[in-house]
There are 2 protein chains.
Amino acid sequence: MRIFDQGEPVMYEKKIPLTIDCGLHLTKEVLNGKWKPALLNAISMDIKRPSEISRLLPEATRRVLNVQLKELEEHGMVEKKIYPQLPPKVEYSLTEIGWSLMPLIDAMNRWGDANRTFLETVIAQDPKNGKISKSPCPAYRRMRAI
Amino acid sequence: MRIFDQGEPVMYEKKIPLTIDCGLHLTKEVLNGKWKPALLNAISMDIKRPSEISRLLPEATRRVLNVQLKELEEHGMVEKKIYPQLPPKVEYSLTEIGWSLMPLIDAMNRWGDANRTFLETVIAQDPKNGKISKSPCPAYRRMRAI
DNA sequence: CAGAATCCACCAGGATACTG
DNA sequence: CAGTATCCTGGTGGATTCTG
């Protein structure tokens, strides 16, 4: 997405070369980011406007959500539609390849839920983890069969 | 794993509280670490000794592999067996819950491979990514049906 | 062979304030 | 409502060296 060209943005390169060998690493790269799976999940649930998404994930800053949404867009997982109006309106949607990720996301979700009590125990035991917030996840419906 | 009690080790706490809401985040936490999925995959392939694993993942330092293996162990995904002999011998194995993660790992692997050409393109385009190593992933056989 | 101890570069992600 | 600009913290993972 690029509406106006704003000259040379401040850019930098990751100094450490990316490991791209097996499919595992490609997938990790796409899902790399604290909120990426949650974002894909939200959009698949038809929660597609930034304000809605932000309400769904109140622990994430708008800035971070924007950053990760942009990465998802650059990786071709989501599409961004900008309605040129006031107040501005933006809607995200999953691309075909983005939809193809949903079974994976669902599997992650299910595995985590299935093992919730065990995982919460071992993760909480870990002295590296300070407080843990257990805010429940509201249930939403997938907007398309996959 | 704890063989000898060595007094109070240097400990610290993560300052930022962990987000544990939906299963997604629990799963992300367990798989959080650059080499975790690859490690689980390797061990499931019966590549279970540190030296073997290190040979399989030459781009990772021994230190990092140790750190992430220890986390997997603390999270109950792998078990570590130490043979008290010289030269020392160590073997890792998946726990039941560790095995239950394998369908997920496989799905990630398959998705990444299925979309390899597309993903390599979009990820390589990203100016944030410097060099990309495309060393192929050797094929190994799963040591147990899941 | 296995791994602990240091040291540190890098960057992801949070806080805050601001524009259109 | 949506997005950008700064600034900053802390934690991940890499390099190196050392032990048994």
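Residues numbered from 1 in each chain as written. Chains lettered and ligands numbered in written order. Predicted model: local features only at pLDDT ≥ 70, side-chain atom pairs only at ≥ 80, totals over all residues. Heavy atoms only, no water.

Asker: Outline helix α1 (residues 23–30) of chain B, supporting the account with residue identities and numerical values.
Answerer: Among the eight residues of α1(B), seven are classified as buried, and the element is accordingly described as predominantly covered. Taken as a whole, α1(B) has its buried residues at Gly23(B), Leu24(B), His25(B), Leu26(B), Thr27(B), Glu29(B) and Val30(B). (Buried < 20%, exposed > 50% of the residue type's maximum accessible area, 1.4 Å probe, protein only. Helix = DSSP H or I, 4+ residues; strand = E, 2+ residues; numbered from the N terminus.)

Asker: Tell me about the packing of helix α6 (residues 102–114) of chain A against α1(B), and name the residues and values.
Answerer: Relative orientation of the contacting elements α6(A) and α1(B) amounts to 90°, with a least axis distance of 7 Å. On the basis of the axis angle, α6(A) is roughly perpendicular to α1(B). Note on element contacts: α1(B) touches α6(A) through Gly23(B), Leu24(B), Leu26(B), Thr27(B), Lys28(B) and Val30(B), opposite Ile105(A), Met108(A), Asn109(A), Trp111(A), Gly112(A) and Asp113(A). (Axes fitted to C-alpha atoms, helices over the stretch in contact; angles between N-to-C directions. Parallel < 35°, antiparallel > 145°, perpendicular 65-115°, else oblique. Contact = heavy atoms within 4.5 Å.)

Asker: So what about the pairing of strand β3 (residues 89–94) of chain A? Which residues, and what values?
Answerer: Residue and element names in this part refer to chain A. Here strand β2 (residues 78–83) runs beside β3; their pairing, made up of six bridges, is antiparallel. Each residue of the ladder has a partner; that of Val78, found in β3, is Leu94. Hairpin remark: β2 followed by β3, antiparallel, with five residues in the connecting loop. (Pairing = 2+ DSSP bridges.)

Asker: Kindly report on the nonpolar core, identifying the contributing residues and their values.
Answerer: Counting 71 residues, the largest nonpolar core has Leu40(A), Met77(A), Leu40(B) and Met77(B) as its most contacted members. Residues in contact with Leu40(A), not counting those within four places in the same chain, are Leu31(A), Leu72(A), Met77(A), Val78(A), Leu94(A), Leu101(A), Met102(A) and Ile105(A). (Core = buried A, V, L, I, M, F, W, Y, C linked by side-chain atoms within 4.5 Å.)

Asker: So what's going on with the pattern of salt bridges? Which residues, and what values?
Answerer: Residue and element names in this part refer to chain A. Applying the stated criterion across every chain, the model contains 13 salt bridges over all chains. For Arg116, the salt bridge is made with Asp113, and the minimal N-O distance between the two is 2.5 Å. When its relative accessible area of 23% is taken as the criterion, Arg116 is described as partly exposed. Put simply, Asp113, Arg116 and Glu120 are held in one network by salt bridges that share partners. (Salt bridge = Lys/Arg side-chain N within 4 Å of Asp/Glu carboxyl O.)

Asker: Tell me about the UniProt feature "domain: HTH hxlR-type" (unreviewed entry) in chain A, and name the residues and values.
Answerer: Following the UniProt record, the feature "domain: HTH hxlR-type" (unreviewed entry) maps to residues 22–120 of chain A here. End C-alpha to end C-alpha, residues 22–120 of chain A measures 30 Å, and it is 60% helix and 12% strand. (UniProt positions renumbered as here; feature names shortened; annotations may be inferred.)

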